[in-house]
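Letter by letter, the chains look like this.
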Amino acid sequence: MLGLYIHIPFCASICNYCNFNRGLFEAGLKDRYVAALEREIRAAATGEAVDSLFFGGGTPSLLEPGEIGRIVAACRDSFAVSSHPEITLETNPETSSSKRMEGFAAAGVNRVSFGVQSFRDSELLRLGRIHSADRARQAVAESRGAGFDNISLDLMMWLPGQSRDDWRESVEGLIDVAPEHASLYLLEIYPNAPLKEDMARAGWSLAPEDDAAEMYSWSLDRLDRAGYEQYEISNVARPQRESRHNLKYWTDGEWLGFGSGAHSTRGPARWKNIAGTEEYIARVSCGAPLAVERRDRTPIERLEEALFTGLRLASGIDAGRVGARYGVDVWDRYGPELQPFVDEGFLLREGARLRLSRPGMLVANEIMRVFV
Amino acid sequence: MDQRFIRNFAVIAHIDHGKSTLADRFLEMTGALQPREMEAQVLDSMDLERERGITIKAHAVRLTYRADDGREYVLNLIDTPGHVDFSYEVTRSLAACEGALLLVDASQGVEAQTLANAYLAVDNGLEIIPVVNKIDLPGAQPDEAKRQIEEIVGLDAAGAILASAKEGTGVHEILEAIVHRLPAPVGDPAAPLKALIFDSWYDAYRGVIILTRVIDGAIRAGMKVRLMAKGQEYEVDQVGVFSPKPVVATELGVGEVGFVFAGIKTVSDAQIGDTITEAARPAAEAFPGFKVSKPMVFAGLYPVEGSEYPELRDALEKLRLNDASFFFEPETSAALGFGFRCGFLGLLHMEIVQERLEREFGMDLVTTAPGVLYRVTKTDGTVEEIDSPSKLPDTGRIATIEEPVITAMMLTPAEHVGAILKLCQEKRGVQKSIEYLAADRVLVTYELPFNEVVMDFYDRLKTLSRGYASLDYHVTGYQDAPLVKLDILVNEEPVDALSVIVHRDTAYQRGRALASKMRELIPRQMFEVAIQAAIGSRIIARESVKALRKNVLAKCYGGDISRKRKLLEKQKEGKKRMKRVGRVEIPQEAFLAVLKVGTET
C-alpha cells in the first residue's frame with residue numbers, strides 16, 4: 001500500500017552534523033508553508049489506499065498539534081487512509097510537553113520518533129543539540145502519559161570523542177526507557193559539516209573504524225538480549241513494532257512525498273520536490289510543477305534497487321520473487337560476483353533468500369555495489 | 001625569391017617568458033593575420049600546448065615585412081620546443097636559421113633552459129639578438145636582465161632591445177633588428193637540392209607534412225626526391241609556406257622555409273634532421289648532424305580495462321605516426337595484464353604521450369614507474385640493454401650493470417645552492433662545478449645517474465628552490481653501478497609492475513618506505529592484505545592493511561534511494577579505477593608511488 005511522507009523543513013536550532021533539508025524556524029513562514037502543504041496534498045488526491053503517514057524533518061514537532069491535524073485531515077480527504085494507519089511524528093525532546101503530546105495524539109499521531117541521539121549530555125552538547133538526557137527521559141514519559149504505545153528513539157554511535165563505554169551508557173539509557181523501536185545510526189560526517197570545524201577546533205577525533213564496528217556489533221547483541229529484534233541494518237523493534245512506513249523504502253514499495261525536498265517513488269519513477277522552502281511555496285501557490293530530478297527507472301534499475309535496498313533488511317530478499325518481478329534470474333546475473341562474499345560469511349544464501357550477516361551489514365556497501 | 005631578402009630566425013625563451021605573445025605581435029604587425037583573426041597565441045596550435053604553455057612541435061611561419069628602408073623582406077619564424085626532452089629537435093630547428101632572438105623575462109632573468117638553448121644557438125653559429133621582454137611589469141628589472149645576459153650567457157647586451165610583447169613596445173625595433181642584424185642565407189641556387197627536414201608530422205588527409213629549409217638548390221612539385229637517411233624516393237605533390245595559413249607555391253628556393261607533401265606514410269620515414277635531395281641529381285653529402293632519436297625513459301602503459309588493449313594499441317600506433325621518437329612494444333605483466341613497454345625522450349615527453357592518450361583517445365591508463373635503459377653485461381660476456389625491471393637477468397648471470405649518466409645544469413638563486421647540493425649528493429651525484437655567474441645566479445653542474453633524476457628529482461628541485469631553480473641535462477655516458485631489483489609482494493604474490501631497479505645502498509630504505517607507502521595507498525579490503533618488500537628471496541620490509549570493518553550508509557534520508565544509488569555508483573567507479581592483483585584491488589597511484597618514495601624518509 002502507498003505511504004505518505006510529509007516534510008517539515010524547520011528546526012529550532014541547527015545541529016552541526018545534519019545535512020537534511022531544513023532551516024531555522026520562523027512563525028510566519030511556517031504558516032504559509034503549512035497552507036502550501038495542504039494545497040499540495042489536496043491537489044495530488046487520488047483516493048488510493050494509504051496505510052502510513054510519516055512526518056519527517058527538520059523538526060515536525062515544531063508544528064502546532066492543530067496544524068498536524070489539518071495536514072492529517074488533508075491526507076484523509078485525498079486518499080483512502082486505512083482504518084489502522086501508522087502515523088509517525090519525528091519529535092525532538094525539547095519541543096515535547098504533556099500537553100503537546102496529547103494534542104498530537106488527538107491530531108491522529110500514533111507513533112513518535114524521538115531524536116535523542118545520546119544519553120550523555122557532553123555528547124549532546126558536542127552535536128549542538130539543545131536538549132539534555134533528562135529532558136529526553138521526560139519526553140518519553142510525557143508521551144506515555146499522553147497514551148503513546150509506539151515510541152522510537154534514535155541514537156548515534158561513533159561520535160567524536162565517544163568511547164566504547166560511552167556508547168554502552170547510551171544504549172543502556174535507551175533500554176531503561178524501554179521504547180518499542182530504536183534506530184542506531186553510525187555518524188556520517190558529510191564534507192562541509194560544521195561539526196568538522198568544531199572537531200578541529202576542539203581536538204575531538206573519531207575513534208578508529210574498528211571501534212565503530214565493535215560498537216555496532218556490541219549494541220545489537222545487547223539489544224537482542226533486551227528483547228529487541230534487528231529487522232534492518234540500523235533498526236531494531238519489539239515484535240510487530242517495525243516501522244511500517246520505513247519498510248516501504250526497503251521492500252520495493254511506493255510512497256509520495258509532500259513538502260519541500262520530499263522524495264517520492266511511484267512505479268518506475270523516482271522524483272524529488274524542489275528543495276527551497278520559499279520556492280516550494282511559490283510554486284504551489286501558482287500551481288507550477290514541484291518535481292525536480294525525476295528519474296524513470298528501467299526494469300533493470302528497479303531490480304538493482306530492489307536488491308540493494310532489500311539487503312538492508314535482516315530477513316534479506318527473496319531473490320526468486322524479486323527476480324521474477326523483473327524477469328531476471330538474480331543468481332545467474334550476480335552470482336559470480338556475490339560468491340566471494342558468501343564464501344567469507346558476509347552474505348548468507350538460504351535457498352532463494354539472500355541476507356547479510358552482521359559483519360556483512362557493516363560492509364553492506366561493498367556487497368550492494370555488485371547491484372549497480 | 002632573392003635570398004638577400006630572406007631572414008630565418010628562431011626565438012629562444014624559457015616557458016612563460018613571452019615567446020608566443022611576441023609571435024602574435026609579429027603576425028599582427030606584418031599583416032599576416034588581421035587582429036580579429038587572431039586567436040590568442042596562434043602558434044601553439046594544439047590544446048595541450050596552449051594549456052601547458054609549451055610548444056611541443058616546431059612550426060614555421062612566413063612573415064612579409066616592409067622594413068624602414070622601403071624594401072620587403074621575408075621573415076621565417078621557426079618555432080622551437082623549449083624543453084630539454086626535445087633538445088635534438090631544437091638543434092635541428094636552429095640549424096635551419098641564421099639567427100635567433102634570445103628572449104628574457106625582465107623580472108625572471110635567465111633560466112637554465114634559455115642558457116642551454118642559447119649555447120646551442122651559439123654553437124650552431126647563429127647571430128643572436130637579445131630581447132628583454134615584459135618591461136611593463138611592475139617587477140621588471142631590465143638592467144639586471146641585461147647584466148645576466150652578459151655575465152651568464154656571455155653575449156654583448158649593449159644592443160639588447162627592451163620590449164613588452166604584450167603591449168607591443170619594442171616589436172618594431174625587433175623586426176628592424178632581424179632585417180639588419182641577422183645575415184641573409186648563403187647557399188648555391190645552382191647546386192643540387194639539399195634541404196633540411198626540421199619538423200614533420202602526420203596529417204590524416206595529406207599524410208606526412210614536412211617542414212624544410214632549403215640549403216642549396218630548389219624543391220618543386222613533381223620533383224622526384226630522395227630522403228638521404230634511408231635512401232627512399234618520393235615524388236613531391238606540393239610545396240608551400242605557412243603564412244600562417246598554408247599557401248601553395250611553385251617552388252622553395254635557397255634559404256626558403258616551407259612545407260612539402262610527398263605521399264609519405266609515417267613520420268619515421270621523414271625524420272627530423274634528414275636531408276631531402278633530388279633523386280636525379282643528388283647532393284654529394286647530406287646536411288650534417290642527423291641522428292635517430294633514441295628513447296631514454298621507459299614505462300609500462302596498461303589499459304585499466306583489459307578489454308581496451310586493442311584500442312590502446314591503435315592509439316599508440318596513431319601517435320607513433322606523428323612522433324618518431326616514441327617507441328612501444330607489447331609487454332605482459334602478471335599484475336596488469338596486457339600492455340605496452342613505451343620509450344620516451346624524457347619525462348615531459350612521457351607525460352605528453354600519456355595525456356594525449358587520455359584526452360584525445362579517451363584511454364584510462366595505468367602507468368608504471370618510469371625507468372631508464374640499463375646496460376647489463378652477463379657472465380657469458382654478452383651485453384643486453386634492459387628497459388624494464390622484469391627483464392633484468394638473475395643475479396647469478398649478471399657480471400656488471402651500467403646505468404646512464406647525465407650532466408645536469410641547474411641555475412638557481414644563491415640561497416638554494418646548499419639544498420641543491422644536498423639533493424644531488426643524495427641522488428649519488430658527482431659535482432662538476434659551481435659557478436657564481438652573477439651576484440645571485442649560480443650555475444651548479446653535476447653528473448648524476450639518470451635513473452635518480454627520473455625518480456623524483458625535478459619535483460624536489462622545484463620544491464626546495466620554491467620554483468626558482470631550473471634544470472637542463474643531457475645524457476653523457478654510462479657508468480658501472482651496484483644495482484639491485486627491489487620487488488613488492490602483495491599477499492605473497494610479487495607484483496611485477498611495482499618492481500624497481502635501485503642502488504644497493506639505498507635499497508633497504510627504499511624498500512621500507514615503499515612498503516609503508518603501499519600500506520597507505522592500498523585501501524582496506526574485505527580481508528587482511530600483507531605487503532612485503534624483497535630483494536631476491538630476502539624480505540626486507542613488511543606491512544599489512546587490516547581488513548575492512550565498516551562501509552555502510554546508516555540512514556535513509558526520507559526515502560532518498562537515489563542518493564544511495566549515487567553513492568554506490570561512485571564507490572563502484574572508484575573501484576573500476578583500481579587494478580586487481582590476485583584478489584587485491586590496487587589503486588593506480590600505487591604504481592606511480594615508487595616515484596614519490598625517495599630515500600630521504
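Residues numbered from 1 in each chain as written. Chains lettered and ligands numbered in written order. Predicted model: local features only at pLDDT ≥ 70, side-chain atom pairs only at ≥ 80, totals over all residues. Heavy atoms only, no water.

**Structural notes on the overall build of chain B**
Definition in use: Helix and strand labels come from DSSP, where a helix needs a run of H or I of at least four residues and a strand needs a run of E of at least two; each type is numbered from the N terminus. The criterion used for residue contact is that any of the two residues' heavy atoms lie within 4.5 Å. For the accessible areas, the method is Shrake-Rupley and the probe is 1.4 Å, while residue cover comes only from the protein chains on display.
When its secondary structure is counted, chain B shows 13 helices and 34 strands. The contacts in chain B between residues at least 6 apart in sequence include a share of 70% that link residues at least 24 apart. With an accessible surface of roughly 24000 Å², chain B has 49% of that area assigned to carbon and sulfur atoms.

**A word on helix H10 (residues 277-286) of chain A**
All names here are of chain A. We apply this condition: Each residue's exposure class comes from its accessible area (1.4 Å probe, protein chains only) as a fraction of the maximum for that residue type: buried when under 20%, exposed when over 50%, partly exposed otherwise. The arc under discussion is defined with respect to the helix axis, by the directions toward the C-beta atoms.
Taken together, the buried positions of H10 are Thr277, Tyr280, Ile281 and Val284. On an axial view of H10, the arc spanned by its buried residues comes to 95 degrees, and they lie on one face. Along its buried surface, H10 packs onto strand S2 (10-11), helix H1 (27-43) and strand S13 (269-273). Gly287, located one to two residues past H10, shows a positive phi value of around 70 degrees.

**Some words on the interface of chain B and chain A**
As a reminder of what qualifies: Buried area is understood as the total, over both parts, of accessible area removed when two parts are fitted together, assessed with a 1.4 Å probe. Here a salt bridge means any side-chain nitrogen of Lys or Arg lying within 4 Å of a carboxyl oxygen belonging to Asp or Glu. Under this definition, polar contacts are N or O atom pairs within 3.5 Å; protein pairs additionally need one hydrogen-donor-capable and one acceptor-capable atom, and for neighbouring residues in sequence, both atoms have to be side-chain atoms. Lys, Arg, Asp and Glu make up the charged group, whereas Ala, Val, Leu, Ile, Met, Phe, Trp, Tyr, Cys and Pro make up the nonpolar group; the residues left over, Gly among them, are polar.
On the chain A side, the residues contacting the 30 residues of chain B number 41 residues. Summing both sides of the interface, chain B and chain A together bury roughly 3600 Å²; the carbon and sulfur share of this comes to 55%. Considering only the surface of chain B that becomes buried against chain A, Met526(B), Arg549(B) and Arg565(B) emerge as the three largest contributors, covering 22% of it. Note that Lys546(B) is salt-bridged to Asp210(A), the shortest N-O span being 3.0 Å. Our count for the contact surface shared by chain B and chain A stands at 14 residue pairs in polar contact (both at pLDDT 80 or more). Across the side of chain B that touches chain A, the residue classes tally to eleven nonpolar, five polar and 14 charged.

**Some remarks on the packing of aromatic side chains**
We apply this condition: Working definition: a ring pair exists when centres of Phe, Tyr or Trp rings (six-membered ring for Trp) sit within 6.5 Å. Plane angles under 30 degrees give stacked, over 60 give edge-to-face, the rest tilted. Note on geometry: a ring has a charge over it if NZ (lysine) or CZ (arginine) is within 6 Å of the ring centre and within 35 degrees of the ring normal.
One pass over the full model with this rule turns up 20 aromatic pairs over all chains. Seen in terms of ring centroids, Phe10(A) and Tyr33(A) are 5.4 Å apart; in terms of plane orientation they differ by 80 degrees. Their pairing is edge-to-face. Residue Phe10(A) is located in strand S2, and its partner Tyr33(A) is located in helix H1; the two are separated by 23 residues in the primary sequence. Among the residues examined, Tyr33(A) registers a relative accessible area of 0% and is labelled buried. With a centroid separation of 6.3 Å and an interplanar angle of 45 degrees, the aromatic rings of Phe79(A) and Phe258(A) are classed as tilted. Placement of Phe79(A) in the loop between helix H2 (65-78) and strand S5 (80-91) and of Phe258(A) in strand S11 (residues 255-258) is noted, with a sequence separation of 179 residues between them. The same class applies to Phe79(A) as to Phe258(A), namely buried. Members of the aromatic cluster, connected to one another through ring pairs, are Tyr309(B), Phe326(B), Phe328(B), Phe338(B), Phe340(B) and Phe344(B). Here the guanidinium or amino end of Arg168(A) rests over the ring plane of Trp218(A), the centre of that ring lying 5.2 Å away. The ring of Tyr478(B) carries Arg375(B) above its face, with NZ or CZ at 3.9 Å from the centroid.

**Description of unusual backbone geometry**
Residue and element names in this part refer to chain A. The amide bond that connects Gly57 to the next residue, Gly58, takes the cis arrangement and shows omega of 15 degrees. Note that Gly58 resides in the loop between strand S4 (49-57) and H2. Of note, the phi angle at Gln240 is positive, near 70 degrees, even though the residue is not glycine. One can find Gln240 in the loop between strand S10 (235-237) and helix H9 (244-250).

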